[in-house]
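Secondary and tertiary structure notes
Single-letter residue listing:
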Amino acid sequence: MNTLKRYWWLILLAAIAVYPVIGKPSPYRSGLLIFAGIYIILAVGLDLLMGYTGQISVGHAAFFAVGAYTSGILTAKYGFSPSAAMGVGVVFSATLAFLTGRPVLALKEYYLAMATLAFNEIVVTLIIGFEGLTGGASGLRDIPPFTIFGFSLLNHLHYYYFVWTVVVLVIASALAVVRSPFGRALIAIHSDEQAARSFGVNCAKYKTRAYMLAAVYASIAGSLFAHYMGFIAPDDFGILTSINLLVMLFLGGIGTIFGPALGALFLKLLPEITYQFQDYELLINGIILIVVLVFFPRGLFGIFTALRNKIVPRMGK
Amino acid sequence: MEKNGHILTISGVTKTFDGVRALDDVSFSIRSGDIKALIGPNGAGKTTLLNAVSGLNPPTNGSVLLEGRDVVGLRTDQIASLGMSRTFQLIRLFTINNATVLDNVLLGAHMHLKPTLFGTIFLRRKIKRQEREITQKAMDLLKLVGLEKDAHAFPGELSFGNQRLLELARALMTDPKMLLLDEPASGLNDTEVEEFTRLLMTIKQQGITILIVEHNMKLVMNIADDIVVLDFGRKLAEGPPSAICANPDVIQAYLGVQSTECGVPL
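Basis of the calculations
- Every chain is numbered independently, its residues counted from 1 as its sequence is written.
- Written order determines the labels here, with chains lettered from A and ligands numbered from 1.
- Totals for whole chains, interfaces and linings use all residues, but because this is a predicted model, local features are given only for residues with pLDDT of at least 70 and pairs of side-chain atoms are given and counted only at 80 or more.
- Derived side-chain values reflect all non-hydrogen atoms in the structure, with water molecules and hydrogen atoms excluded from consideration.
- Working definition: helices are DSSP H or I runs of at least four residues, strands are E runs of at least two. Numbering for both runs from the N terminus.
- Radius of gyration here uses only the C-alpha atoms, and the compact-globule reference equals 2.2 Å multiplied by the residue count raised to the power 0.38.
- When accessible area is computed with a 1.4 Å probe and restricted to protein chains, residues below 20% of their type maximum are described as buried, those above 50% as exposed, and intermediate ones as partly exposed.
- A contact between two residues is defined here by any heavy atoms of the two lying within 4.5 Å.
- Per-residue accessibility takes into account occlusion by the displayed protein chains alone, with areas from the Shrake-Rupley method and a 1.4 Å probe.
- The charge count includes Lys and Arg as positive and Asp and Glu as negative, but it does not include His or the ends of the chains.
- Lysine's charge is taken at NZ, arginine's at CZ, aspartate's at CG and glutamate's at CD.
- Strands qualify as paired when DSSP identifies two bridges or more between them.
- When two components associate, each loses some accessible surface as probed by a 1.4 Å sphere; the sum of these losses over both components is called the buried area.
- The term salt bridge refers to a side-chain nitrogen of Lys or Arg lying within 4 Å of a carboxyl oxygen of Asp or Glu.
- Think of a polar contact as two N or O atoms within 3.5 Å of one another; within protein, one of them needs to be a possible hydrogen donor and the other a possible acceptor, and neighboring residues in sequence only count if both atoms come from side chains.
- In this classification, the charged set is Asp, Glu, Lys and Arg, the nonpolar set is Ala, Val, Leu, Ile, Met, Phe, Trp, Tyr, Cys and Pro, and all remaining amino acids, among them Gly, are polar.
- Domain start and stop positions are those given by an automatic or database domain assignment.

1. Quick look at the overall build of chain A
Scanning chain A for helices and strands turns up 15 helices and two strands. On C-alpha atoms alone, chain A measures out to a radius of gyration of 20 Å, which is about the 20 Å that the 2.2 N^0.38 rule sets for 317 residues. Principal-axis analysis of the C-alpha atoms gives chain A an extent of 60 × 50 × 45 Å. Every one of the 317 residues in chain A was classed for burial, and the buried ones make up 53%. Taking contacts inside chain A between residues at least 6 apart in sequence as the whole, the part at least 24 apart equals 77%. Only carbon and sulfur atoms are counted for the fraction: they give 70% of the accessible area of chain A, which is about 14400 Å². Computed over 20 positive and 12 negative side-chain charges, the inter-centroid distance for chain A is 18 Å.

Below, the structure is given as structure tokens:
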């Protein structure tokens, strides 16, 4: 039974793999799951920064935008291949996070929240301002679909598998980070920065590294988004998107990696259930959020682990 | 350290907070391998001195030589990496994200591992091997302080005294040359103090130099090779325990006339 407890995620993985085969989803349905996957990548990165390192960001969509626009501009206007453009986006985002990380992350709490919010707003303003390059407020069109090794992922199902492969790699690498000496340093910073310093942790450096990794994930998500949509506009990357990511974190269970992933999946699929309430859709969404947050402060993943511990007998701590 | 056998030399250390002199021209040195006690009334500047030495709150003036190298101006994490570790007067353990007792001790190895993001993601086997080695070492240290059974508990589940022992194990995990202990025995009962005394002697035998701030005079008299007395941010006296006990200024300022602790055979 302990095997089940340790490898429960394999079941989830299998479900993702066989769903298109058994469910034969419409392009609309697989599209929903593609969006969910993209948001999972964003949420997992933000969880590293917020849930583990304890640094709030209310502007994470900025790096989502950087990835999407780097991919979009380089492929639509300069003839780059999508994978090369994604690579450039990753390097660009990491560099941007490296340069802004130190000054921004030297701030704490509300000030950090304000600075990251401003960062998001600056990025969106720049996108709107550089109209010639980005298409401005009316958006950037004609972004080609993703190709790997000359194989175009125009088909929804192919893209579904591609995105979810990236999701698995992102979650696996995030788990590798948090379950390691590196992750321990992040948790120490989150707990008590001064004490962490007293044990040799260069806090500014480690905070910046976590920020960079979160930015890289967000940039990858941005590229995946741009090539799927074919058209991107500044609205997709505003502060509302950043706030939505925060909701996913708290709804799913912050500081658990799986929790925010679950939160992203849930929040992206929820409209599928609540759309039938038509005018009351937003109301129902809101009520569900409030109920989860009030009665299950550890989020959906907290509910999940509690259930799992009930079903599978507790193993010794 | 080689020079005069002094591992730490503090000279002319002054710390002012908004014009208030918390430390006023304090100088003393510690011989390598000694236990030096820092005593004095509340507010005398003892913790301020420890923070000045460890870099948490650098001095306004003066120098702190660790093995002949001035560490004033270095970041706290750099000073820690040079072999100076510490415990805190108000316990400061890592408790977020379900960090366990073992996790707290393991963090002590950080300065030797200096994990990189690249290595963490791409060199998994190396990390796993390292992790096995340091876990073994951490368990040995938990055994030394008597907490091996609580390795997977959360720090908050430990008694106050055990939390202090956990802080000590975490500090030892760094392989320190020098240990700064800030009132490690406060809140411990008599039996615990006795055990703690034995533990400090074991640590001393491993060649680790200790600077200890402590109010428990019985403990101080039992273990200290040398004592510095602070009063109002100034050094009032310095010398071996017997001389400190007999010093009229120290009796006046801190020990009190009726002091019985000094009667403990040295």
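From this point, things continue past the structure.
2. Some words on unusual backbone geometry
All names here are of chain B. Residue K114 is not a glycine yet carries a positive backbone phi of 40 degrees. Secondary-structure assignment places K114 in the loop between α4 (110-113) and α5 (117-122). In this structure, E183 takes a positive phi of about 45 degrees despite not being glycine. Take E183: it is sitting in the loop between β7 (178-182) and α8 (190-205). For E183, a relative accessible area of 8% translates into the label buried.

3. Topic: the sheet that holds strand β4 (residues 61-66) of chain B
Paired through backbone hydrogen bonds, the strands of a sheet run either parallel or antiparallel to each other. All names here are of chain B. On the basis of which strands lie adjacent, the open sheet formed by four strands has the order β2-β1-β4-β5 and antiparallel pairing. Of all the strands in the sheet, the pair left with one neighbour each is β2 (20-31) and β5 (69-70). Strand direction decides the pairing type here: β4 and β5, joined by two bridges, are antiparallel. Its bridge partner being in β5, L66 is matched across the sheet by R69.

4. Comments concerning the interface of chain A and chain B
In this complex, chain A contributes 29 residues to the contact, which on the side of chain B involves 39 residues. Contact between chain A and chain B buries roughly 2900 Å² in total, counting both sides, with carbon and sulfur atoms accounting for 64%. For the interface between chain A and chain B, the tally reads two salt bridges. In this structure, R92 of chain B engages D192 of chain A in a salt bridge whose closest nitrogen and oxygen atoms are separated by 2.7 Å. Taken together, the connections running from chain A to chain B amount to nine residue pairs in polar contact (both at pLDDT 80 or more). Put simply, the parts of the chain that give the side of chain A that touches chain B at least two residues each are α3 (27-52), α8 (156-178), α9 (181-191), α10 (193-198) and α11 (203-229) of chain A. At eight residues, the largest contribution of residues to the side of chain A that touches chain B is made by α9 of chain A. Looking at the side of chain A that touches chain B, its residues break down into 14 nonpolar, ten polar and five charged.

5. Thoughts on the domain arrangement of chain B
All names here are of chain B. The domain architecture assigned to chain B consists of domain 1 (1-83 + 176-266) and domain 2 (93-175). Here the C-alpha centre of domain 2 lies 27 Å away from the C-alpha centre of domain 1. Each partner contributes to the interface: domain 1 provides 18 residues, whereas domain 2 provides 13 residues. Together domain 1 and domain 2 conceal approximately 1100 Å² of surface at their shared face, both sides included; 72% is due to carbon and sulfur atoms. Broken down residue by residue, the surface that domain 1 buries against domain 2 is led by S81, P176 and L199, which jointly contribute 37%. There are three residue pairs in polar contact (both at pLDDT 80 or more) connecting domain 1 and domain 2. For the side of domain 1 that touches domain 2, the secondary-structure elements that each account for two or more residues are α2 (76-81), β7 and α8. Considering each element in turn, the side of domain 1 that touches domain 2 owes the most residues, five residues, to α8. In terms of residue class, the side of domain 1 that touches domain 2 is made up of ten nonpolar, four polar and four charged.

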